[in-house]
Amino acid sequence: MMVNLFYIKLNFIDMKNIFLGLAIATIAFLSACTKTNKEIAQATLTETADNTKTIGTAKFYELSDGKIRMDIEMNFAARADSNVAVHFHEHGDCGNMGENTHGHWNPTKEAHGKWGSAAYHSGDIGNIMLDSKGHATLSVTTDRWSVKDGDVKNIIGRGIIVHGGTDDYTTQPTGNSGPRVGCGVIEAVK
Ligand SMILES: [Cu+2]
Ligand SMILES: [Zn+2]
């Protein structure tokens, strides 16, 4: 019995060392990443009908070439197996069921359209298909955004609207994307 206890204790110490080693490796890895891709902004997306219900997040990173990448992750079970349409809207006010964000943010005075096509608004992220759990991820990298004060490309303080329909990429100026079911505000990460 004494011998058995002794071995159990030894094993426990080994496990602790392994976990400690993993933790140090993880921290080293994460800090290496943040040197090249610095998180500069984020938005928490909530339901317009109930802003205590989070449906997704958008995180923005500044890349070494000066472009900005947005990683968006949706977890919107109520909309599982369906399409949502995502745009940046002018104002960072999600009140009145998202209507207070007003229209699509359009710093380049272009037509509404599909991301990457000949003409589109700088926040026309477009359609995102949610899986059977309401989950989806999408990454977008662009030089159309900045976080600099006074820059027309500045995304800080803009609203992000999640529509409960499909963006047809054609109807002006909205894409006929359906009701505003989700909303968030892009905030600087210092
Ligand atoms: Cu919209
Ligand atoms: Zn648009």
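None of the values given here were measured: they were computed from a predicted structure.

Right, let's talk about the overall build of the protein chain for a bit. Within the protein chain one finds one helix and nine strands. Counted from the first residue to the last, the protein chain has its helices and strands arranged as α-β-β-β-β-β-β-β-β-β. Within the span of the protein chain, comprising 190 residues, buried residues form 28% of the whole. Long-range contacts, defined as pairs at least 24 residues apart, comprise 57% of the intrachain contacts of the protein chain with a sequence gap of at least 6.

With six of seven residues buried, strand S4 (residues 83–89) lies mostly within the body of the structure. Taken together, the five bridges between S4 and strand S5 (residues 124–129) define a ladder with antiparallel strand orientation. Across the sheet, the residue bridging to Val86 is Gly126, located in S5. Bridge analysis of S4 against strand S7 (residues 159–163) gives five bridges, and the strand direction is antiparallel. Bridging from a neighbouring strand, Ala85 pairs with His163 of S7.

Among the nonpolar cores identified, the biggest contains 28 residues, and Leu45, Ala58, Val84, Val86, Ile160 and Val162 are the most heavily contacted of them. Of all the secondary structure elements, the ones that give two or more residues to this core are strand S1 (38–47), strand S2 (54–62), strand S3 (68–75), S4, S7 and strand S8 (180–185). Contacts of Val86, omitting those with residues within four sequence positions, involve Ile72, Ile125, Gly126, Ile128, Ile160 and Val162.

This paragraph deals with the pairing of S7. Counting buried residues in S7 gives five out of five residues, a clear majority hidden from the surface. Both faces of S7 are covered, namely the face carrying Gly159, Ile161 and His163 and the face carrying Ile160 and Val162. As defined by bridge partners, S7 adjoins S8 across five bridges and the pair is classed as antiparallel. Counterpart to His163 in the pairing with S8 is Arg180.

This part covers the environment of Thr171. Looking at the element boundaries, Thr171 is found in the loop between S7 and S8. For the pair formed by Thr171 and His112, sequence separation is 59 residues and the distance between their alpha carbons is 7.5 Å.

Before going further, it helps to examine the environment of Gly157. Relative to the assigned elements, Gly157 resides in the loop between strand S6 (135–142) and S7. Each C-alpha atom, one on Gly157 and one on Ala41, is 9.9 Å from the other, the two residues being 116 residues apart in sequence. Ignoring any residue separated from it by four or fewer positions in sequence, one finds Gly157 in contact with Gly92, Val185 and Ile186.

So, on to unusual backbone geometry. Backbone torsion omega between Gln172 and Pro173 reads -5°, so that peptide bond is classified as cis. Here Pro173 shows up in the loop between S7 and S8. One non-glycine residue, Asn96, lies in positive phi territory at about 55°. Residue position: Asn96 is located in the loop between S4 and S5. Given 10 C-beta atoms within 10 Å, Asn96 falls into the exposed group. Even without a glycine there, the phi angle at His102 is positive, about 60°. Mapped onto the elements of the fold, His102 is located in the loop between S4 and S5. For His102, a count of 13 C-beta atoms within 10 Å puts it in the partly exposed group.

Scoring rules and cut-offs
- Residues numbered from 1 in each chain as written.
- Chains lettered and ligands numbered in written order.
- Predicted model: local features only at pLDDT ≥ 70, side-chain atom pairs only at ≥ 80, totals over all residues.
- Helix = DSSP H or I, 4+ residues; strand = E, 2+ residues; numbered from the N terminus.
- Buried ≥ 20, exposed ≤ 12 C-beta atoms within 10 Å, placed from the backbone.
- Contact = placed C-beta atoms within 7 Å.
- Pairing = 2+ DSSP bridges.
- Core = buried A, V, L, I, M, F, W, Y, C linked by C-beta atoms within 7 Å.

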